[in-house]
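# Remarks on the overall topology
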Amino acid sequence: MIRLLSKQGIQTRAILTKAAEEFVTPLSVASLTGEKVFTELFDLTDEAEMGHIQLSRSADLVVVAPATADLMAKMATGQANDLATTALLATDKPVMIAPAMNVRMWNHPATQRNLKQLLEDGVQVVGPDDGDMACGEFGPGRLAEPDEIAEKILGFFSRKIEKTGPLKGRKIVVTAGPTHEPIDPVRYIANHSSGKQGYAIAEALRDLGADVTLVSGPTRLSEPEGVSVIQVEAAKDMLQATRQALPADVVICAAAVADWRVENGSDQKIKKKEGQLPALTLTENPDILATVSQKGEARPDLVIGFAAETQNIIENGKAKLAKKGCDWIIANDVSPETGTFGGDENSVIVLSSDGEDHWPKLSKKEVAISLALKIQDYFKGRN
Ligand code: C5P
């Protein structure tokens, strides 16, 4: 995490608790932060260099990673019996914790009570994740991945600097994820879209200073910091939310909207009856990209769509550009062997009236950043 942050130009200063010293040495942490590591509350050398009160205020953000059940309890009750807890009580800066503990300890009413208190106190929380734990049990309690914590920290800072980027003042709407088309209150039709590409685009645009609204279908992703997120389920709701978010300078439709919805859905759970199959009738969903692309005064300057194809990518992409009436189509190959759907990489071709722009195989994050920079280029010299 320290390494990830340092790559982003964020300088870290570490305080180690006694328990932390059982896992890592101050020397190894110092080699990562490039700074002195602080461990003792009453250390003459430390206090002479920087008192603990000053230390607690020397950063823009205080992060506790991992936050144990013990440390959370101490924070919730305002205890200050070592350097870490003293700094946490003395700080006037925002605090973020990344809890990590056994699933039963996490689920214990005492920890949940402490968590509630910490949230009330304005502490930001990242994780914990679900997963296998060192103790052999499974469930919530695993420390969030370093990149997830780093991302939350970066989000915290970009929220502050977003108003200074090259896309400052540009309103951009991004659709992302799948849609769920209800059959009845418990069943739905869906697809495998993870939402990763759309979320990454929203984040990249935010990082360039844009005012981003993300209209998201159901995903497992956490809402990006500094972006207005509107959660929707079905295509109809996605269209309505997108329309409500207009006017905008740019609309990017990265969602994998279901083509059809169930016309004769039921308000009650459809009962299974012996030898009888429910006859579901499908009807076409509204096309959000085509609707937003329609000519008119409120049409955004730039409307961008995605074309997920398994064959004849360029040909099908160009046909889609014409049919939908959008300005750019990001065409990508989603045939199963590419691993694009749900994966982290994407190979895309940008199609527009200017022709074809082939991009190399990039991570979804890199595709997002390249697209954000291309949008920035588009607006260069325009008002
Ligand atoms: O027609 P197809 O689904 O292949 O087109 C893909 C593009 O159109 C994507 O940008 C997708 O977000 C958008 N789309 C939409 N509403 C639909 C279907 C597709 O916005 N109902």
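Here is a short report on the structure shown in this document. In this text the structure is predicted, and so the values were computed from the model without any measurement.

At a closest axis distance of 8 Å, the pairing of helix α11 (residues 196–207) and helix α15 (residues 364–379) adopts a crossing angle of 45°. As judged from the angle between their axes, α11 and α15 are oblique. Handedness of the α11/α15 crossing: right-handed. Here K196, Q197, A200, I201, A204 and L205 of α11 lie close against α15, whose contacting residues are K364, K365, V367, A368, I369, L371, A372 and I375. A per-class count over the contact of α11 with α15 returns ten nonpolar, one polar and three charged.

Let us now look at the packing of aromatic side chains. Applying the stated rule across the entire model yields three aromatic pairs. Here the aromatic rings of F156 and F157 are separated by 5.1 Å at their centres, their planes lie at 85°, and the arrangement is edge-to-face. Of the two residues, F156 and F157, both sit in the buried class. Between Y378 and F379, the ring centres sit 5.0 Å apart and the planes meet at 90°, which makes this aromatic pair edge-to-face. Aromatic rings pair up to connect W328, Y378 and F379 into one cluster. Positioned above the aromatic ring of F38 is the side chain of K36, whose terminal nitrogen or guanidinium carbon lies 5.7 Å from the ring centre. Its end group placed over the ring of W328, K374 keeps NZ or CZ at 5.2 Å from the ring centre.

For strand β17 (residues 348–352), the buried fraction is high: five of the five residues fall into the buried class. Side chains V348, V350 and S352 project from β17 onto one buried face, and the interleaved I349 and L351 project onto a second face that is buried too. By the bridge criterion, four bridges tie strand β15 (residues 328–333) to β17 in an arrangement that is antiparallel. Bridge pairing in β17 places I329 opposite L351.

Right, let's get into the pattern of salt bridges. Counted according to the given criterion, the structure contains 17 salt bridges. Between D249 and R170 there is a salt bridge; the shortest N-O distance is 3.7 Å. Of the two residues, D249 is situated in the loop between α12 (235–244) and β11 (250–253) and R170 in the loop between α10 (146–161) and β6 (171–176); the sequence distance between them amounts to 79 residues. Summarising the burial analysis for this pair, D249 and R170 share the class buried. Of the charged contacts in the structure, one is a salt bridge between R206 and D207, with a shortest N-O distance of 3.0 Å. The class of D207 is partly exposed, set by a relative accessible area of 44%.

The next point concerns the sheet that holds strand β14 (residues 302–309). Spatially, the eight strands line up as an open sheet ordered β10-β9-β6-β11-β14-β15-β17-β18, and their pairing is mixed. Among the strands making up the open sheet, the edge pair consists of β10 (228–231) and β18 (355–358). Taken pair by pair, the neighbouring strands of this sheet meet at an average axis angle of 15°, ignoring direction. As paired strands, β6 and β11 are joined by four bridges and run parallel to one another. By the bridge assignment for β11, T175 is matched with C253.

Reading guide: rules and limits
Residues numbered from 1 in each chain as written. Predicted model: local features only at pLDDT ≥ 70, side-chain atom pairs only at ≥ 80, totals over all residues. Heavy atoms only, no water. Axes fitted to C-alpha atoms, helices over the stretch in contact; angles between N-to-C directions. Helix = DSSP H or I, 4+ residues; strand = E, 2+ residues; numbered from the N terminus. Parallel < 35°, antiparallel > 145°, perpendicular 65-115°, else oblique. Left-handed = near helix turned anticlockwise from the far one by under 90°. Contact = heavy atoms within 4.5 Å. Nonpolar A, V, L, I, M, F, W, Y, C, P; charged D, E, K, R; others polar. Phe/Tyr/Trp six-rings, centres within 6.5 Å; stacked < 30°, edge-to-face > 60°. Buried < 20%, exposed > 50% of the residue type's maximum accessible area, 1.4 Å probe, protein only. Lys NZ or Arg CZ within 6 Å of the ring centre and 35° of its normal. Pairing = 2+ DSSP bridges. Salt bridge = Lys/Arg side-chain N within 4 Å of Asp/Glu carboxyl O.

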